[in-house]
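So you can see what is in the structure, the chains are spelled out below.
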Amino acid sequence: MGKLLLAPMDGLVDDILRDVLTRVGAYDLAVSEFIRVSGSLLPARSFHRSCPELTRGSRTDAGTPVVVQLLGSDPACLAENAAQLVELAPAGIDLNFGCPAPTVNRHGGGATLLADPEQLFRIAAAVRRAIPPAIPFTAKMRLGVDGTATTLDCARALEAAGVVSLVVHARTRAEAYRPPAHWEWVARIRDVVQLPVVANGEVWTTDDHARCCAVSGSQDVMVGRGAVADPFLARRIRALAAGQSVAADRSLDWRRLLPLLASYWQQVCAKVSARQAPGRLKLWLAALRRTHGEADALFLAVRSLCEVDQVSRVLVQHGVPLQSSAS
Ligand SMILES: Cc1cc2nc3c(=O)[nH]c(=O)nc-3n(C[C@H](O)[C@H](O)[C@H](O)COP(=O)(O)O)c2cc1C
């Protein structure tokens with residue numbers, strides 16, 4: 001089978017969730033949340049903040065390589081920052097041409113650039129020159145701003161500029177995160193470029209994965225929200241590809257998830273302030289509710305809690321095996 005990539009998700013997937021999700025196994029690669037580049041040369045600590053894995057060979061503890069994603073609109077500034085990032089030996093450098101956030105788009109970054117394939121080329125070509133061939137240089141794009149008029153030209157521009165593979169989130173900026181994802185457009189892009197194209201958008205189940213591969217013609221798939229909602233999805237996709245039976249046993253999955261929730265919570269408590277920690281757990285639980293009834297019950301039980309100790313007590317009551325320091 002092809003590759004499975006864990007998508008960048010700013011504000012949802014950080015190094016802790018990357019650690020937990022890649023420990024379950026089955027992801028070939030993860031991409032960090034975007035690092036905004038605007039006007040100045042970022043210090044090493046800015047890269048380390050978004051991608052602490054840089055201090056560990058740019059890999060999660062489970063060994064999954066983590067590519068660092070940059071977002072910006074100024075070719076020279078992005079190139080300078082990419083050169084700085086190269087010094088930290090990332091597993092790869094990715095450019096974001098998909099972010100729909102108004103704050104990012106107002107400064108000409110993210111998905112707005114898809115209206116101007118020539119500027120896309122200038123940016124990617126400048127960054128290409130700053131990165132040695134040994135470090136994979138990739139890009140992630142949406143189909144366009146409001147429509148698909150520039151989709152193919154954008155993909156061609158990125159290929160001409162020297163990116164070695166391209167993730168396509170198969171929706172326009174205007175479509176935000178609304179289903180469906182237009183996987184057939186990934187196939188159209190594959191028809192006009194030679195480089196490997198990774199399909200992305202709306203893969204929540206093993207069936208979605210199979211249909212995404214069939215429609216897009218791509219064997220390589222990046223999974224975003226589906227990976228957070230169902231940590232065992234990638235493993236089931238792989239098992240299915242290996243011809244094993246994969247009937248989803250949600251209650252078994254939940255029991256397997258409990259130690260991962262414990263690890264997540266303990267790492268969150270060690271990393272972020274006591275005021276922020278409960279919110280982080282609630283974000284993941286809110287995503288897990290989609291696939292696990294038990295997560296729904298747990299989410300409802302912690303929803304109104306703001307104290308770390310209270311949250312820890314409820315986690316233990318719901319079977320999360322916390323070690324004594326966090327319980
Ligand atoms: C909360 C959130 C944050 C995101 N942050 C990023 C980001 O930092 N960089 C990026 O390229 N895409 C980002 N994305 C887009 C995802 O990587 C992915 O392309 C999108 O969610 C579609 O895939 P999915 O339907 O499997 O979730 C984000 C998506 C979400 C939901």
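Reading the values: rules and limits
- Residues numbered from 1 in each chain as written.
- Predicted model: local features only at pLDDT ≥ 70, side-chain atom pairs only at ≥ 80, totals over all residues.
- Helix = DSSP H or I, 4+ residues; strand = E, 2+ residues; numbered from the N terminus.
- Rg over C-alpha atoms; globule rule 2.2 N^0.38 Å.
- Contact = placed C-beta atoms within 7 Å.
- UniProt positions renumbered as here; feature names shortened; annotations may be inferred.
- Buried ≥ 20, exposed ≤ 12 C-beta atoms within 10 Å, placed from the backbone.
- Domains from an automatic or database assignment.
- Nonpolar A, V, L, I, M, F, W, Y, C, P; charged D, E, K, R; others polar.
- Pairing = 2+ DSSP bridges.
- Right-handed = clockwise from strand over helix to strand, strands pointing away.
- Arc of directions from axis to C-beta.

**Q** So what exactly am I meant to see when it comes to the overall build of the protein chain here?
**A** If you tally the helices and strands in the protein chain, you get 14 helices and nine strands. In summary, the protein chain has a C-alpha radius of gyration of 20 Å against a globular reference of 20 Å for 327 residues, a match within 12%. With respect to the principal axes defined by its C-alpha atoms, the protein chain has extents near 55 × 45 × 35 Å. For the protein chain, contacts bridging at least 24 residues in sequence account for 68% of all contacts bridging at least 6.

**Q** I would appreciate a short explanation of the UniProt feature "domain: DUS-like FMN-binding" (unreviewed entry) in the protein chain in the present structure.
**A** The UniProt record annotates "domain: DUS-like FMN-binding" (unreviewed entry) at residues 5–241. Secondary structure over residues 5–241 splits into 40% helix and 15% strand, and the C-alpha atoms at its two ends are 16 Å apart.

**Q** Sorry, what's going on with the UniProt feature "active site" (unreviewed entry) in the protein chain here?
**A** Taken from the UniProt record, the annotation "active site" (unreviewed entry) applies to Cys99. Summarising the element assignment, Cys99 is placed in the loop between strand E5 (93–97) and helix H4 (102–106). According to the C-beta neighbour criterion, Cys99 is buried, with 24 such atoms within 10 Å. Excluding its chain neighbours within four sequence positions, the residues that come into contact with Cys99 are Phe34, Leu71, Val104, Gly109, Gly110 and Ala111.

**Q** Help me understand the environment of Leu17, please; the structure alone is not making it clear to me.
**A** With respect to the helices, strands and loops of the structure, Leu17 is situated in helix H1 (residues 15–24). Sequence separation of Leu17 and Leu260 is 243 residues, and the distance between their C-alpha atoms is 9.5 Å. For Leu17, the residues in contact, after removing those within four places along its chain, are Val228, Tyr264 and Trp284.

**Q** How do you make sense of unusual backbone geometry when you look at a structure like this?
**A** Backbone phi values are negative for most residues with the exception of glycine, while trans is the configuration of most peptide bonds. Between Pro179 and the following residue, Pro180, the backbone shows a cis peptide bond with an omega angle of 5°. Topologically, Pro180 is positioned in the loop between strand E7 (165–169) and helix H7 (183–192). In this structure, Ser58 is a non-glycine residue whose phi angle is positive, near 60°. Looking at the element boundaries, Ser58 is found in the loop between helix H2 (44–50) and strand E4 (66–71). Here Ser58 falls in the buried class, since 20 other C-beta atoms lie within 10 Å of it. Phi at Ala176 takes a positive value of approximately 50°, unusual for a residue other than glycine.

**Q** Help me understand the domain arrangement of the protein chain in this model?
**A** For an interface, size is often stated in terms of accessible area lost upon the parts coming together. Looking at the assigned domains, one finds that the protein chain contains domain 1 (4–241) and domain 2 (250–326). If you average the C-alpha positions of domain 1 and of domain 2, the two centres end up 28 Å apart. Each partner contributes residues to the interface: domain 1 has 11 residues there, and domain 2 has 14 residues. Every element with two or more residues in the side of domain 1 that touches domain 2 is listed here: H1 and helix H9 (225–229). Its residues assigned to classes, the side of domain 1 that touches domain 2 shows nine nonpolar, no polar and two charged.

**Q** Quick question: what am I supposed to make of the pairing of strand E6 (residues 137–142) here?
**A** Successive residues of a regular strand alternate their side chains across the two faces of the sheet. Among the six residues that make up E6, six are buried, leaving the element largely enclosed by the rest of the structure. Of the two faces of E6, both are covered, the one formed by Phe137, Ala139 and Met141 as well as the one formed by Thr138, Lys140 and Arg142. Both E6 and E7 contribute to a ladder of five bridges, which runs parallel. Within E7, the residue paired with Lys140 across the bridge is Val167. A crossover connection joins E6 to the parallel E7 through helix H6 (residues 151–161); in handedness this β-α-β unit is right-handed.

**Q** Please clarify how helix H14 (residues 308–317) should be interpreted in this entry.
**A** It helps to recall that an α-helix has 3.6 residues per turn; residues three or four apart then point in one direction. All of the buried residues in H14 are Val311, Ser312 and Leu315. Looking straight down H14, one finds its buried side chains confined to an arc of 100°; they lie on one side. Exposed side of H14, more than 90 degrees from the buried face: Asp309 and Gln317 are the residues found there. Where H14 is buried, its residues touch helix H11 (250–271), helix H12 (277–288) and helix H13 (293–302).

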